[in-house]
Amino acid sequence: MTVETQPKTGVRPTTEYRVSLDSKTPAGPIEQRWDKHKFDMKLVNPANRRKYTVIVVGSGLAGGAAAATLGEQGYNVKCFCYQDSPRRAHSIAAQGGINAAKNYRNDGDSIYRLFYDTVKGGDFRARESNVYRLAQVSVNIIDQCVAQGVPFAREYGGLLDNRSFGGAQVSRTFYARGQTGQQLLLGAYQALSRQIAAGKVAMFPRNEMLDLVVINGRARGIITRDMTTGKIERHLGDAVVLATGGYGNVFYLSTNAKGCNTTAIWRAHRKGAFFGNPCFTQIHPTCIPVHGDYQSKLTLMSESLRNDGRIWVPKNPGDSRSADKIPEDERDYFLERKYPSFGNLVPRDVASRNAKTVCDEGRGVGPGGLGVYLDFADSIKRLGRKTIEERYGNLFDMYARITAEDPYKQPMRIYPAIHYTMGGLWVDYNLQSTIPGLFVAGEANFSDHGANRLGASALMQGLADGYFVLPYTLADYLAQAPLDKVSTDHESFRETESDVTGRIQHLLSIKGKRTVDSFHRELGQIMWDECGMARNEQGLKKALQRIPELKAEYWENVCVLGANEEVNQSLEKAGRVADFFELAELMCLDALQRSESCGGHFREESQTPEGEAQRDDANFSYVAAWEFSGDTSKPILNKEPLNFEYVHPTQRSYK
Amino acid sequence: MGMGMKLTLRVWRQKNRMSPGRFATYNVDASPDMSFLEMLDVLNEDLIMKGEDPVAFDHDCREGICGTCGLMINGVAHGPEQTTTCQLHMRSFKDGDEITIEPWRAKPFPVLKDLMVDRGSFDRVIQSGGYISVSTGSAPEANATPVPKDFADKSMDAAACIGCGACVAACPNASAMLFGGAKIAHLGFLPQGQAERSQRVLKMVEKMDEEGFGSCTNIGECSAVCPKEISLDVIARMNRDLIWASLTKGGEKERSSGGG
Ligand code: FES
């Protein structure tokens, strides 16, 4: 089915509509689309698979799962990661759990309900067919992981335990203590290790992809840098998979690992892959607040804490008394007050925004007034310290270690932080980008989460893409793509390599007066202030003026010492920050054109009388797919209209 | 800027795998609220501004889960708090302290630069057998095989290993038995892990030898520094599995499952 692309409203700045984006969504009843599509797709005969090489960049849940599965099927796989081992990809840090529509609790869950919740939770900005498929394969993921030896939590009868997570009304979340991401990743890593041992996957740790090679319009390879020797290398493949995670570090401070970056997807974007909904970022409400200028990253405290903690601030601005000195009637439990039915369990975007509002009113707590209390006193009184310790002991310990405060005795202080990016490279139903042969999986694609991701759905999506979607759709591509016989001597390889080397030499030759980090912090601050939890036209325009200025200064005044012949961590960072500058501009342009509010994207100009996000379905029910034009400040906007045949758009309400 | 603490650092500097290393001394101002790695960030920003090569060290998540960070701090793996280096905070030190910072020292972990080592040997140990052979798509329904809660919990205790290598760095023999034992226990406590249990221990132990890890002489330093508090029991368990596997010549003869 071809989805037409047409301008729907008047002209907005920098917009132009060129191509027709074909999402390749199969027709027919939604329950049958994936099965039918699987049957319709072409297969590669097992004996022929070893003739194909697939490059997988990233070894987290999506990349690790894809590389392992493709190896098992008989393809030759080359897998790359910047970490020293594939076991360390940032999927490892996910705490809460993974959703699956198993309905083990007999509480009314179903594939359809998980699909419905995800479309609604995403504020109607995701593609229905993809979300349905995600819900369908969620059940296979749990089976696969259990068979791999993932030690999920169990009940006394020996069967799998579930909990309800992130305000869901059913218990569909599977978990392994507070380390679900770690355990799922180790499952994928072990499967990958088995394929490495079998010689089907060649693993390249401490190797960073610095550019994509496109030959005759198809993705055919990558240029990498060996991070221990500085060596620039060419790798040829028949298809390329990017599973390189999200770009939250554009904000400098985020809950992402320090190395997370946008370079792989940004370089692919510059080579022709459209970027979908770049401004859709998720802010997580329960993070430990910033404690000083030297702060290097933010730490997430699991969302599950909101099940038993009560969020409040003093009623009066400027109240500097310690929490225990503030009497009950001078406290404002603002979420309970405004959302009596969901209370402290409102979705992430709503909780985050409200925390910002009370802090903006001067009622925030802790250093700089950027924090709200998350108070367990009532729960401890009601359930006893022991129960709270059992439920959250490790989180309380982590909090105490970082802040030197005892959350059993005084309320935690929390503040929202950048956590996840729903935006990413645009992909069709097959997870193929607008460059044939370039597939994108996990957080790196523009994803199934629309404008807001529900808790425990990131792990589900990464593994769905890697274990159960890509292995089919890649085969379909390989079976029919006319793949020219080329080698790494091809002119495109040579040109791309010389671009990469040129950039590196340029960065090393500037020898300016500011460190990479100092630029990155400043960029992050601009993004947080103007393109963070709340956005408005004026602020975005200011950012769009400031970012190019700072970028220009960067290319004249950054200081990267050393050479490109050994470990050079400043050089690694310098390349990544250069790409963050360009992405930041695109994010602001996207946030500016989308003058509605939806999910995590809150435009102050578009709110309901009660101050909630106000969608504008008549004008914005589309995926914004940006095309690189050669000029970073003038990208081209293409639109994929979204059709809702099953879940009809309504205003979300959590009152 | 005055941040409350003046520290003297003795830091191991080594240009690359081939060159010899040496200690260099630096002064740094720190605040008690900083993490140890943030203190090193401050040092590095200073060094860059002075035109000196910053100190290379491995880190990524900075929240104690990825296992990338790892420094010998005053001779103790990960420093004084039994946590990861990234979760160690400067309030564990006092104004005026001298702190010695070194990379993991062990033959199977060659130094790449300064404080950064190559732990590829750990990956190769896992590749030798630290998995369950189950290809994607071939799994039975997840609840078809119940796992006693106690076994699932013990499996999870062992699976919590983050592969940081502190155990090896702390051990006078550079033994990797805690690391290897943890993986063997993680999989061995589960019914899914039984089919390959004997083969797994034989192959992994052989690989650990081949990579140059030493043997275990029950000193216990490994568990004492483990940020995830992996118990020495996993080593005893591995040895039992090893004896069984050797007696049965790696054959999977009858054996009571799980708890073994
Ligand atoms: S940096 Fe990840 S555990 Fe320390």
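Residues numbered from 1 in each chain as written. Chains lettered and ligands numbered in written order. Predicted model: local features only at pLDDT ≥ 70, side-chain atom pairs only at ≥ 80, totals over all residues. Heavy atoms only, no water.

Student: Teacher, can you tell me more about the interface of chain A and chain B here?
Tutor: One frequent convention defines the size of an interface as the accessible area lost when the parts assemble. In this complex, chain A contributes 76 residues to the contact, which on the side of chain B involves 79 residues. For the pair chain A and chain B, the summed buried surface comes to about 6300 Å²; carbon and sulfur atoms form 51% of the total. Contact with chain B buries area across many residues of chain A, yet R88(A), Y294(A) and R401(A) alone supply 11% of it, more than any other trio. Seen at the junction of chain A and chain B, the total is 7 salt bridges. Note that K297(A) and E63(B) form a salt bridge whose closest N and O atoms lie 2.6 Å from each other. In this assembly, chain A and chain B are joined by 43 residue pairs in polar contact (both at pLDDT 80 or more). The set of elements that each furnish at least two residues to the side of chain A that touches chain B consists of α2 (61-73), α4 (128-148), α5 (180-197), α10 (385-403), α11 (458-480), α13 (516-531) and α15 (569-593) of chain A. The leading source of residues in the side of chain A that touches chain B is α5(A), at 9 residues. (Contact = heavy atoms within 4.5 Å. Buried area = accessible area lost by both parts, 1.4 Å probe. Salt bridge = Lys/Arg side-chain N within 4 Å of Asp/Glu carboxyl O. Polar contact = N/O pair within 3.5 Å; in protein donor to acceptor, adjacent residues only side chain to side chain. Helix = DSSP H or I, 4+ residues; strand = E, 2+ residues; numbered from the N terminus.)

Student: Looking at this model, I keep getting lost on the pattern of salt bridges. Mind explaining?
Tutor: Side chains bearing opposite charge may pair, as long as their charged atoms lie close to each other. Residue and element names in this part refer to chain A. Enumeration according to the criterion identifies 77 salt bridges over all chains in this entry. Ionic pairing is found between R234 and E497, a salt bridge with its closest N-O pair at 2.6 Å. With R234 in strand β8 (residues 232-236) and E497 in helix α12 (residues 491-510), the pair connects residues that are 263 residues apart, well separated along the chain. Of the charged contacts in the structure, one is a salt bridge between D375 and R331, with a shortest N-O distance of 3.5 Å. With D375 in strand β14 (residues 372-375) and R331 in strand β13 (residues 331-332), this residue pair connects regions lying 44 residues apart in the sequence. The class of R331 is buried, set by a relative accessible area of 13%. (Buried < 20%, exposed > 50% of the residue type's maximum accessible area, 1.4 Å probe, protein only.)

Student: Got a minute to help me understand α5(A) in this structure?
Tutor: Because each turn of an α-helix spans 3.6 residues, side chains separated by three or four positions end up pointing in the same direction. Over its 18 residues, α5(A) runs 26 Å from end to end, which matches the ideal 26 Å to within 8%, given 1.5 Å per residue. Looking one or two residues past α5(A), G199(A) carries a phi angle of roughly 80°, positive in sign. (Expected span 1.5 Å × (residues − 1).)

Student: Before we go on, may I ask you to explain the sheet that holds strand β11 (residues 281-287) of chain A in this structure?
Tutor: Hydrogen bonds between backbone groups are what pair the strands of a sheet, and the pairing can be parallel or antiparallel. Residues and elements named next belong to chain A. Reading across from one edge, β11-β15-β14-β12-β13 is the order of the 5 strands in this open sheet, with antiparallel pairing throughout. Where the open sheet ends on each side, the last strands, each with one partner, are β11 and β13. Bridge analysis of strand β12 (residues 310-314) against β14 gives 3 bridges, and the strand direction is antiparallel. Bridging from a neighbouring strand, I311 pairs with L374 of β14. (Pairing = 2+ DSSP bridges.)

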